[in-house]
Amino acid sequence: MNIRSNHIGTIGIPIIIGATTGAFIVYAAGHLPYKWLTALFLFIMGLSSLIAIQTITQKIQQILLLGSIAAYPIYYDISFLFKDNAPHFVFANGFTFTLSDVLIAPLVVRWLIRLVMSKKFGHQVEHLSIHARTATLLLIFITLNALSTLVSVEPFMTVSAIFWYIKLFVIYLLFYPSAINSKEYFRHIAYALSVILIIEGVIAIEQKFIGKIFTAEFLGRDIGIQSRLGTDELLVRPGGTTGHPNALAMLLNMLIPTVFYFFLTEKIPGKKLLLGASLFLGIIALLLTGSRGGWISIAASMLVANTLWHYKRGSSILGTLAKSALVAAAALTLLFITSTTFRDRLLKDDHGTAEERIPLAQISLNMIQDNPLTGVGTNNYTYVMQRYDNTRQFITKYYDYPVHNTFLLLAAEAGIPSLVLWVIIVSIFIRTAIKLFFTLEGDLSIAALGASTSIIGWCIHNIVDLSPIYMNQPLWLMFGVVTSLSAFMHYNSPTRK
């Protein structure tokens with residue numbers, strides 16, 4: 001009886017799913033816009049291909065997951081319900097799916113189906129209980145941001161940002177701990193990150209010294225800016241695929257620590273060469289961005305990481321700090337002598353670029369003072385900033401971007417409670433990652449160190465940068481790495497029955 005039931009289920013369920021899907025496609029062809037129909041067709045084809053390929057190889061999940069990471073810098077996306085007439089700058093507009101999302105979507109959907117249909121449902125959701133406190137805090141944080149829709153001038157833009165939050169939460173906090181089920185995954189993630197460093201390094205160097213291939217027309221977005229230095233000099237600052245040099249510096253700073261520490265421990269010559277070459281190109285690109293905030297954040301976060309690295313190996317903290325200071329001094333001297341970009345950005349007049357952050361901060365403080373609990377609405381900052389501009393320069397008349405401080409931006413848009421909650425969440429992730437670094441060994445320990453370093457660097461850099469929390473995928477990847485390490489340690493603990 002059981003055999004017959006299983007046989008009927010094996011044949012009947014695919015027939016029912018196939019017939020239902022086919023009927024839905026036929027219906028959609030006559031009722032949905034072309035963009036929706038195309039996305040639906042590609043999604044169904046991708047999911048079907050995944051199921052088919054998995055009968056041949058068990059590597060498809062790893063390929064798609066790592067491919068989704070390597071696709072971060074490829075800014076090809078589809079934004080459903082995108083509003084062309086947005087009167088002000090916004091970060092999120094519509095319900096956006098990137099190439100990275102397309103690659104990982106079949107895995108997430110398959111996981112959700114298995115989660116719902118599994119007879120061991122309780123075992124499946126055990127992943128969530130490991131980080132229940134952090135997941136709960138994040139859900140509360142997202143809810144607070146969603147509630148700001150009630151005070152938003154443009155509620156749709158707030159909903160667009162919340163869509164990003166939900167998408168990232170599902171992928172990195174829920175799916176990743178289930179998907180990353182072997183320690184080899186963490187080193188493979190470092191390889192995927194090294195691919196990004198190579199891509200961005202090559203593109204940034206070409207944009208800086210040639211400027212004929214990776215143009216704005218080719219990439220479909222801005223490729224950088226020109227900053228004034230001294231009296232009449234212009235410094236070309238490439239943005240790679242991100243569109244802005246500060247955004248490129250942010251991306252590189254999130255990746256370099258993990259790649260660096262896996263490079264130190266890599267034993268296979270070919271892979272060590274790959275990691276080393278990617279580090280070289282990534283560091284060159286970081287220098288070319290001319291991002292002073294990026295330089296400071298990577299130096300400070302790596303100083304912390306180096307101290308932890310040597311302390312775990314028995315070195316004293318004071319001795320490690322002294323050695324780090326000598327290395328830093330030597331590196332700064334070398335950069336000062338060899339890099340004109342580094343030297344000019346530190347010494348030459350930037351014509352008030354840094355000083356502009358002061359009136360921008362004043363506007364955000366005015367917003368926070370007037371809306372301390374709810375903010376003005378997530379992703380609504382630029383819609384209302386002029387009414388809070390009492391600065392002498394009236395800077396919002398010619399500058400259409402938010403304050404260059406993610407923490408002030410968060411408080412202004414979603415309220416002080418959201419800011420406090422976010423600081424608690426980030427602190428938990430950093431504390432957990434450092435604890436995992438000292439508890440685990442090998443690749444797992446290195447992955448934890450890389451994640452903690454990146455999150456610390458993000459916190460430092462975003463004191464002078466405006467990148468929103470909900471669109472920084474590398475940051476959420478590091479959250480996913482920390483959560484996955486906790487789950488991996490839990491399931492492989494010798495004391496666990």
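Calculation rules
Residues numbered from 1 in each chain as written. Predicted model: local features only at pLDDT ≥ 70, side-chain atom pairs only at ≥ 80, totals over all residues. Heavy atoms only, no water. Helix = DSSP H or I, 4+ residues; strand = E, 2+ residues; numbered from the N terminus. Buried < 20%, exposed > 50% of the residue type's maximum accessible area, 1.4 Å probe, protein only. Contact = heavy atoms within 4.5 Å. Areas by Shrake-Rupley, 256 points an atom, 1.4 Å probe, with all protein chains shown as cover. Salt bridge = Lys/Arg side-chain N within 4 Å of Asp/Glu carboxyl O. 1 Å grid on protein atoms, 1.4 Å probe; cavity = no way out; pocket = protein on both sides within 12 Å on 5 of 7 lines; lining within 4 Å. Points joined across faces, edges and corners; volume = space filled by probe spheres on them. Nonpolar A, V, L, I, M, F, W, Y, C, P; charged D, E, K, R; others polar. Core = buried A, V, L, I, M, F, W, Y, C linked by side-chain atoms within 4.5 Å.

A closer look at the overall build of the protein chain
Looking only at helices and strands, the protein chain features 21 helices and 4 strands. Relative to its full complement of 497 residues, the protein chain shows a buried share of 49%. In the protein chain, 75% of the contacts between residues at least 6 apart in sequence involve partners at least 24 apart. Accessible surface for the protein chain amounts to roughly 24000 Å². Of this, 68% is attributable to carbon and sulfur atoms.

Observations concerning the pattern of salt bridges
A full pass over the atoms with the stated rule returns 5 salt bridges. In this structure, the salt-bridge partner of D443 is R187, at a minimum N-O distance of 2.8 Å. Of this pair, D443 sits in helix α20 (residues 442-461) while R187 sits in helix α9 (residues 184-209); the two residues are 256 residues apart in sequence, bridging distant segments of the chain. On the accessibility criterion, R187 (11% relative accessible area) is buried. Here E441 makes a salt bridge to K312, at a shortest N to O gap of 3.9 Å. On the criterion of sequence distance, the pair formed by E441 in the loop between α19 (416-439) and α20 and K312 in helix α13 (residues 292-312) is long-range, its members being 129 residues apart. Judged by relative accessible area, E441 falls into the exposed class, the value being 57%. Through salt bridges that share partners, R187, E266 and D443 make up one connected network.

Observations regarding the side chain of Q62
On the secondary structure map, Q62 appears in helix α3 (residues 60-70). The class for Q62 is buried, based on a relative accessible area of 17%.

Some words on the layout of surface pockets
If you add up the space inside the second largest pocket, you get close to 1100 Å³. Those elements that place two or more of their residues in the lining of the second largest pocket are α11 (245-265), α12 (269-288), α13, α14 (317-338) and α15 (340-347).

Focus on empty space enclosed by the protein
If you walk through the whole model with that rule in mind, you get 3 cavities of 30 Å³ or more. Quantified by volume, the largest cavity comes out at close to 70 Å³. Residue lining of the largest cavity: N145, Y165, T378, T406, L409, L410, E413, A414, P468, I469 and Y470, and that is the complete set. Per-element accounting of the lining of the largest cavity gives the leading share, 5 residues, to helix α18 (residues 406-414). In terms of residue class, the lining of the largest cavity is built from 7 nonpolar, 3 polar and 1 charged.

Quick look at the nonpolar core
Among the nonpolar cores identified, the biggest contains 122 residues, and I69, Y176, W422 and W476 are the most heavily contacted of them. Broken down by element, this core gets its largest block of residues, 15 residues, from helix α8 (residues 155-179). Apart from residues lying up to four places away in sequence, W422 is in contact with L138, F141, F407, L410, W458, I469, L475 and F479.

Considerations on the side chain of S445
Note that S445 resides in helix α20. With near-sequence residues (within four places) excluded, S445 lies in contact with K312, F437 and L440.

As for unusual backbone geometry
Among all residues save glycine, negative phi is the norm, and among peptide bonds the norm is trans. Positive phi is not limited to glycine here, since L81 has a value of about 65°. Secondary-structure assignment places L81 in the loop between β1 (77-80) and β2 (95-98).

Spatial relationships are all this shows, so hold off on functional conclusions.
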